[in-house]
Amino acid sequence: MAPPLQITALTAERSALALPDLPWDAPLSRWPAETLAALPRGISRHVVRFVRLADAVVAVKENTEELVRREYGLLRVLRRLDVPCVVPVAVVTGRTAPDGEPLDPALVTQHLQFSLPYRALFSQSLRPDTATRLVDALAVLLVRLHLAGFYWGDVSLSNTLFRRDAGEFAAYLVDAETGELHNELSDGQRSNDVEVARINIAGELMDLEAAEYLDESVDPVEVANSIVERYHSLWEELTGLESFEQGERWRVQARIERLNELGFDVGELAISTDVGGSVVQIQPKVVDAGHHSRRLLRLTGIDAENNQARRLLNDMDGYIAATDRQNDDEEIAAHDWLAQVFDPVVRAVPRRMRRKLEPAEIFHEVLEHRWYRSQEAQRDIPLLEAAQAYVDEVLSQRPDEQAVILQTGLMDTGQMAAVGMDPDEAPLLGASGPDDPDDPESDRIDGWLSSHG
Ligand SMILES: Nc1ncnc2c1ncn2[C@@H]1O[C@H](COP(=O)(O)OP(=O)(O)OP(=O)(O)O)[C@@H](O)[C@H]1O
Ligand SMILES: [Mg+2]
């Protein structure tokens, strides 16, 4: 007798409750279009599909039972270690077709909202330095994984998802299948991962070059090589031993501030002096990423990427200074900033455009836009006026990022293939356009906005 269908899910994931409703008795590649969500997807060996489930979207990937369980377990640990990666939801085994034929087990993860595979980024109009910014983001992710003792084994742009982060990118691990967790990585293991990254990135950028997606000024090999330097300098800054004379105590503070600037918290610092006590050595022991994100979350409940958070906090600190509130309780002042500054800007965006970008990224872009407009006009443009101009002049022209490429018109079949979409899914794409106010998705984002605002 065939084994029964078994779903092992994390109870904290509400979407898990609706999992039994999915057509597990059919191979993923043949799931009906009504169940699928057409969102951009990177290239992969295994079949991956996005599925609407209750009020969320999940990614389903078919693989062998061993690898599905392994990846599920690794993702759970990585989440606990606070590493940016996709959130595991469930493992589904014991699948059989109606004729009794066994089907591959599946791994279910939460779809990472507003995330983009790198290929989708290159099919939009981009700044020429996009490739470099992606590599920078990947270097930060790799350092964070290595600090946590995770050896990735298959570092590449395809196995990473990118979210906008105040003009930069933040990288998330999406494919943990080849990973290994250790107490600590050796220098050799770390170098190995960096080398794999370098080779894969070069290949991936050459593919884009061949398909004419890459700006001519970009040299794939040079960009790929830059990951080595970026990775090592960041690693050195985070973990390196620094020596100085007894009288230079300020250096300790300077080191901590530099790390904070990079978005890392120093949990513990090893300080030692030599026998005579004249030379002091410091080395960060515990470095925790997400310094600005955590402060913003604590003060306002807004969950943003680190650079976005820094941008928002700067604006908040400016507001606190301008309103002479430095001596007030920080949380109360933050709440007022939220109500009087942040919320009105987000609300200035018409509902139908709110899926284009995350609220924190919109706020960041409005600040940029105000700066440009103020320069042009040679006067200070009020924030709400800038927000209105931004909506009219910039946002209305942008593709919808929460559901990029929902409209078939935005891509031809070649471009769809480039972002790993099956052109056969196209009929679904136009079904509910990004600017459709009746689209239930808009309400979902509204709920998100209000719970975060
Ligand atoms: N939770 C998720 N959120 C958003 N996108 C996802 C998610 N899970 C998978 N994807 C998309 O699906 C693609 C393929 O996933 P993944 O890399 O895990 O597949 P794979 O077959 O194991 O890849 P490989 O060929 O490297 O072995 C990813 O690049 C990503 O674009
Ligand atoms: Mg992959």
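Scroll up a little and you will see the structure.
Definitions and limits used
Residues numbered from 1 in each chain as written. Chains lettered and ligands numbered in written order. Predicted model: local features only at pLDDT ≥ 70, side-chain atom pairs only at ≥ 80, totals over all residues. Helix = DSSP H or I, 4+ residues; strand = E, 2+ residues; numbered from the N terminus. Pairing = 2+ DSSP bridges. Axes fitted to C-alpha atoms, helices over the stretch in contact; angles between N-to-C directions. Contact = placed C-beta atoms within 7 Å. Near = placed C-beta within 6 Å. Nonpolar A, V, L, I, M, F, W, Y, C, P; charged D, E, K, R; others polar. Domains from an automatic or database assignment. Buried ≥ 20, exposed ≤ 12 C-beta atoms within 10 Å, placed from the backbone. Arc of directions from axis to C-beta. Core = buried A, V, L, I, M, F, W, Y, C linked by C-beta atoms within 7 Å. Parallel < 35°, antiparallel > 145°, perpendicular 65-115°, else oblique. Left-handed = near helix turned anticlockwise from the far one by under 90°.

Caption draft 1: Quick peek at the environment of Val252. On the secondary structure map, Val252 appears in helix 6 (residues 250–261). With 32 residues separating them in the primary sequence, Val252 and Pro284 have C-alpha atoms 10.0 Å apart.

Caption draft 2: Layout of the sheet that holds strand 5 (residues 106–110). Strand order across the open sheet formed by five strands is 1-4-5-3-2, with antiparallel pairing between neighbours. Where the open sheet ends on each side, the last strands, each with one partner, are strand 1 (6–9) and strand 2 (48–53). Going from strand to strand, the sheet's axes swing by 25° on average, the running direction of each strand aside. Judged from the four bridges that link them, strand 4 (residues 88–93) and strand 5 form a sheet pairing that is antiparallel. Considered in strand 5, the bridge of Val92 is made with Ala106. Across the sheet, helix 1 (residues 65–80) lies against strand 4 and strand 5, angled at about 160° from strand 4, the strand it touches most.

Caption draft 3: Molecular detail of the site of ligand 1. Taken together, 21 residues surround ligand 1, and among them Gly42, Ser44, His46, Ala59 and Asp175 come closest. For the shell around ligand 1, the elements supplying multiple residues, two or more each, are strand 3 (56–62) and strand 5. Broken down by class, the residue content of the shell around ligand 1 amounts to seven nonpolar, nine polar and five charged. In this structure, the shell around ligand 1 is formed jointly by two domains, domain 1 (6–110) and domain 2 (118–239), each of which donates at least three residues.

Caption draft 4: Seen up close, helix 11 (residues 383–393). Listed in full, the buried residues belonging to helix 11 are Ala386, Ala387 and Tyr390. Down the axis, helix 11 shows its buried residues gathered within 105° of arc, on one side only. When the buried face of helix 11 is taken as reference, the exposed residues oriented beyond 90 degrees from it are Asp392 and Glu393. Lining the buried residues of helix 11 we find helix 9 (330–347) and helix 10 (359–377).

Caption draft 5: Seen up close, the sheet that holds strand 11 (residues 264–273). On the basis of which strands lie adjacent, the open sheet formed by three strands has the order 10-12-11 and antiparallel pairing. In this open sheet, the two strands that pair with only one neighbour each are strand 10 (242–245) and strand 11. Taking each pair of neighbouring strands and ignoring which way they run, the sheet shows an average axis angle of 30°. Bridge analysis of strand 11 against strand 12 (residues 279–289) gives nine bridges, and the strand direction is antiparallel. Across the sheet, the residue bridging to Phe264 is Ala289, located in strand 12.

Caption draft 6: Representation of the nonpolar core within the structure. In this structure, Val108, Leu134, Ala137, Leu138, Leu142, Phe162 and Ile227 are the most contacted members of the largest nonpolar core, which totals 71 residues. Excluding residues within four positions of it along the chain, Ile227 makes contact with Val135, Leu138, Ala139, Val194, Ala197, Arg198 and Ile201. Listed in part, the 23 residues of the second largest apolar core include Leu313, Trp337, Ile362 and Leu395.

Caption draft 7: The packing of helix 8 (residues 306–322) against helix 10, seen in detail. Taken N-terminus to C-terminus, the directions of helix 8 and helix 10 make an angle of 55°; their axes are 10 Å apart at the nearest point. Taken together, the axes of helix 8 and helix 10 lie oblique to each other. Of the two possible hands of crossing, helix 8 and helix 10 adopt the one that is left-handed. Of the residues in helix 10, those touching helix 8 at Gln308, Arg311, Leu312 and Asp315 are Ala360, Glu361, Phe363, His364 and Leu367.

Caption draft 8: Layout of the environment of Cys85. Summarising the element assignment, Cys85 is placed in the loop between helix 1 and strand 4. With sequence-adjacent residues up to four places away left out, Cys85 is seen in contact with Leu75, Leu78, Arg79, Tyr172, Leu173 and Ala176.

Distances and angles like these do not, on their own, reveal function.
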